[in-house]
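If you want the building blocks of each chain, they are given just below.
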Amino acid sequence: MPESPEQFKALPSQPWHAEPLERIYPALQSGPEGLDESEAQTRLRHFGPNRLPEAPRPHPLRRFLAQFKSVLILVLLASGIITAMLGEWIETGVILGVVLINALIGFVQEGKAEEAMLALRDMLSPQARVQRGGRILNLPAEQLVPGDLVLLQAGDRVPADLRLVEARDLQINEAPLTGESLPVLKQADTLAMELPLAERRNMAFAATLATRGVGKGIVIATGLQSEIGRISGMLARVQVPRTPLLKQMDHFSRVLSAGILAISLAILLFGWSVHGQDPRELFMAVIGLAVAAIPEGLPAVITIILAIGVQRMARRQAIIRQLPAIETLGAVSVICTDKTGTLTQNAMRVEEIVLGREELLLAELRDEEAQLLVRRSPALAELLLAGILCNDAEAAPANEGWTLEGDPTETALLELAIDLGLDPQGLRAASPRLDLLPFESDRQLMITLNQSSHGNQLFLKGAPERVMDLVEAQGFSGSQETLDRAFWQAQVMSLASRGYRILALATRAAEIGQGHIDGQDPGKGWILLGLVGMEDPPRMEAGPAVARCQAAGIRVKMITGDHAVTARAIGARLGIGDGEKVLEGNALEVLDDRALAEQVRRVDVFARISPEQKLRLVEALQAQGAVVAMTGDGVNDAAALRRANVGIAMGRKGTDAAREAAEMVLADDNFATISHAIEEGRGVYDNIQKTLLFILPTNAGQALVLILALVLGMQLPITPVQILWVNMITSVTLGLALAFEPTEPDVMQRPPRDPNASLLSGSMLFRILYIGLLLVAGTAAVFYWLLQSGAGLDYARTAAVNTLVLFEIFYLLPVRALHGSVWQGHMLKGNPWSWGLIGLVLIFQILFTYWPPMQALFATVALRPADWLWMTLLASSVFWLVEMEKFVSGLGRD
Ligand code: ATP
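Residues numbered from 1 in each chain as written. Predicted model: local features only at pLDDT ≥ 70, side-chain atom pairs only at ≥ 80, totals over all residues. Heavy atoms only, no water.

**Looking at the domain arrangement of the protein**
Here the protein is described as being made up of domain 1 (6-54 + 119-237), domain 2 (243-304 + 688-889), domain 3 (318-345 + 540-669) and domain 4 (349-535). For the pair domain 3 and domain 4, the summed buried surface comes to about 1000 Å²; carbon and sulfur atoms form 47% of the total. Put simply, glutamate 465 and arginine 608 hold a salt bridge, and the shortest N to O gap is 2.6 Å. Taken together, the links from domain 3 to domain 4 amount to six residue pairs in polar contact (both at pLDDT 80 or more). Of the residues belonging to the side of domain 3 that touches domain 4, the class tally is three nonpolar, five polar and three charged. (Domains from an automatic or database assignment. Buried area = accessible area lost by both parts, 1.4 Å probe. Salt bridge = Lys/Arg side-chain N within 4 Å of Asp/Glu carboxyl O. Polar contact = N/O pair within 3.5 Å; in protein donor to acceptor, adjacent residues only side chain to side chain. Nonpolar A, V, L, I, M, F, W, Y, C, P; charged D, E, K, R; others polar.)

**Brief notes about the packing of helix α18 (residues 542-551) against helix α25 (residues 671-712)**
In the contact formed by α18 and α25, the axes pass within 8 Å of each other and the chain directions differ by 35 degrees. Two packed elements cross with a definite hand, and for α18 against α25 that hand is left-handed. Along its contact with α18, which presents Ala542, Ala545, Val546, Arg548 and Cys549, the element α25 presents Phe671, Ala672, Ser675, His676 and Glu679. For the contact of α18 with α25, the per-class residue count stands at six nonpolar, two polar and two charged. (Axes fitted to C-alpha atoms, helices over the stretch in contact; angles between N-to-C directions. Helix = DSSP H or I, 4+ residues; strand = E, 2+ residues; numbered from the N terminus. Left-handed = near helix turned anticlockwise from the far one by under 90°. Contact = heavy atoms within 4.5 Å.)

**Quick look at the state of the cysteines**
Tallying each qualifying case throughout the model produces zero disulfides. Not engaged in a disulfide, the cysteine cysteine 549 finds its nearest cysteine sulfur in cysteine 336; these two sulfurs lie 12 Å apart. (Disulfide = S-S within 2.5 Å.)

**Quick notes on the pattern of salt bridges**
The final tally for this structure, using the stated rule, is 43 salt bridges. Salt-bridge contacts for glutamate 415 lead to arginine 349; the nearest nitrogen and oxygen are separated by 3.6 Å. Taken together, the positions of glutamate 415 in helix α14 (residues 408-419) and arginine 349 in strand β10 (residues 349-354) put the pair 66 residues apart, joining distant regions of the chain. Assessed through its relative accessible area of 35%, arginine 349 is described here as partly exposed. A salt bridge links glutamate 410 to lysine 461, with the shortest nitrogen-to-oxygen separation between them at 2.6 Å. Placement of the pair is glutamate 410 in helix α14 and lysine 461 in strand β16 (residues 457-462), with a sequence separation of 51 residues. With a relative accessible area of 6%, glutamate 410 lands in the buried category. Members of the salt-bridge network, linked through shared partners, are Asp686, Lys690, Glu744, Asp746 and Arg750. (Buried < 20%, exposed > 50% of the residue type's maximum accessible area, 1.4 Å probe, protein only.)

**Here we look at the sheet that holds strand β8 (residues 318-320)**
As summarised here, the arrangement of the eight strands in space is β8-β26-β25-β24-β9-β21-β23-β22, forming an open sheet in which the pairing is mixed. Bordering the open sheet on either side are β8 and β22 (582-584), each of which pairs with just one other strand. Shown here is a sheet whose adjacent strand axes are inclined to one another by a mean of 20 degrees, direction ignored. In terms of strand pairing, β22 meets strand β23 (residues 605-607) through three bridges, oriented parallel. By the bridge assignment for β23, leucine 583 is matched with phenylalanine 606. Packed on one face of the sheet, helix α19 (residues 564-574) meets β21 (555-559), β22 and β23 and runs near 150 degrees to β23. (Pairing = 2+ DSSP bridges.)

**Details of a nonpolar patch on the surface**
Residues Phe270, Val274, Leu708, Val711, Leu712 and Met714 make up a contiguous nonpolar surface patch of roughly 480 Å² in combined accessible area. For the nonpolar patch, the secondary structure elements donating two or more residues are α8 (244-274) and α25. Broken down by element, the nonpolar patch gets its largest block of residues, three residues, from α25. Mapped onto the elements of the fold, phenylalanine 270 is located in helix α8. (Patch = residues over 30% accessible without salt bridge, like charges linked within 9 Å, V, L, I, M, F, W, Y side chains within 5 Å. Areas by Shrake-Rupley, 256 points an atom, 1.4 Å probe, with all protein chains shown as cover.)

**Re helix α2 (residues 37-47)**
The complete set of buried residues in α2 reads Glu39, Ala40, Arg43 and Leu44. Here the buried residues of α2 occupy an arc of 140 degrees about the axis, which is enough to place them on one side. Away from its buried face, by an angle of more than 90 degrees, α2 presents the exposed residues Ser38 and Arg45. Those residues of α2 that are buried lie in contact with β1 (127-132). Once α2 ends, the next one or two residues include glycine 48, with phi positive near 80 degrees. (Arc of directions from axis to C-beta.)

Below is the structure:
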């Protein structure tokens, strides 16, 4: 190991592709076992973490100033300037206050949303499989150092620059580096010195993507020293994207502002020409009107709702990669889910073995007698050997027994062999592997070529249909007999009908001198050794989650690479499909689009489906107007994930390729998490609707109070400055409360939202209108009644303002439940924020009414307690009215 790591400084510039393998390990002071842990730590300190530095965030001042880019804020600022020119300093001050508070809220909220996105990126930080001290570890890619041995497989993002020491069928897409979109076949041989990057086929570069095969490479450069690091130098900054809804809201605010300005102008002209009002006073009133009517807080509140949604989903193990997915989740009408690992535990265990006709061994194998059996049955011994050698999982002896690592289908085979008294390590050492055709979902089989004492031997394992296509005999090496296809067919059916995943194992002698496997032509003379059936129990929470989705009007479809009968059996246990209809990949292949459309309507279980067929399924469903969420984990699933409305990747077993194509990642690979995410997605949409239902009528009410007085040429019940105050306090503070509203308990009992429906339904418009009018009527009534009874103008206005705010508070309460009554568990529990914010608003109102400096600023006077009483009673009417409206419309719905 190096005395001084200084000598590594020259690493990246060395022409590694031209170094023969024998020189690579010594040059990097590493070995086929990998670095040991302490050396790796020393190097990590020296080279620093394997990541690109973050792009700096813009200066906070710049971010703050960016808030002033919104049209609404500009309208406000313009009004502020005009009032200042007119010398109306109080108005100017209040307007500037409104602007400042809005900009601040926007600034803070943006920061929060950005933090949420950053945190999510950390949760998704890439991992690498590394060999250190002879053991294979999963490490954050950040910890890689030069000299580390990295294992690659299809779907991995290459974590650092590697000189390959092994490559089997390894193909890498180097588009991020070279722009070339076709994958390059890699190899481990030494190459000529003068070669451009794109032709260094024994190198794998950071940020490129393995699309096929497996490989192993030694790290030669990390972080900024890697090729990609030298080009880009920095990570892209996290951006909070605009979602369709936010865009819609922006558009809506803009149209609304234009409309309000037009109305204001009309009123200005009208008041001036018809009533001959003082232009200056009129102008101030109209500015108040514009400010009151414009829902400044709306975009900010909606962004906060989305950010909270992201956090809530993350807490429930659903990580959102693309913000718009939150909205789409709420509209999902079909979920297409994988089976293995998502609906099931992916904890495979061999339950049955079927050998040749005369030996049918059933499960209760794992006792001492069974070990005797292995010794007596050469057929069983060879099947177990095939399972050990044709297998990429690792077995290492541990304190008590063995630790197994790798694909559960493969660890199950090792576990079986160990249970039956075999020693996988010893057997592997006795028959070293010469070549490998790795397992790929589309090929559905895996072949190895192993050395053995009596000539080289090939082993094959895979889906029974594929293996049956190749085999010509049954038995074991040295004792073959004619293949009885009908027998095996029946055995496959019988295992599958119990929901088992099935592997068939086979072997043949290699040709003399054969050192490689021909992937195109595996050759003749394969002998079928037998079948194994593995149980992969359904996840406990999967069945109930499927039922919840179905109750929520969402169709659940299972799309699996497994056998049709296995899929049907598992589907039946989980409540997916009718326990009969299954569509298989090769049947699907011959359907035209119309016939497929018909099938996807009827069938919920799809078996032996290839990734390309997944894409067709998504398209067929979408053509019928479905909003489709689709899960996937393999490198070939990326296209289907992109095409789906919500692509969902697995956080644990999924490949980097799938994760990067997905909108959402399941941290726990669990189907139930999808249903939770949909629930939260629906909650988010609810909260946005609630916010609109609150902010729009209150703003309309505030504006209408002024419009009415101006049009009728009467005393203003509320002065322009006062209206600014109400607006600043209510739409921002109270509206914010709804952002924290928990998801309603009944969201999963409703059908999915129509994705084409407009944000504001007819009944919502009706609500906005009547609440607006009610607020005006109540406020105006208080004002004129007090004026009539000789209370004085300032007193009447103070009462009017407080009545308006009380109305808004009483309106906030029922809005918290969208459809049902707020009493159904919602009123007191759930959202402490709303009570806190209501308390805050009340404190503001008391200061506004009783605190001398505020009285001076807003021309308010202290109110008599008795007046508070009847004002409160009057304002509470809105609560009962809205609850009644919900009750009546609820009757209609049922
Ligand atoms: P799901 O879609 O339910 O998650 P899957 O896509 O994981 O299923 P595959 O992994 O493609 O399904 O497996 C398809 C078939 O290939 C299995 O039924 C099995 O017979 C076979 N198979 C699975 N894993 C291996 C393996 N490691 N080696 C050989 N054959 C395998």
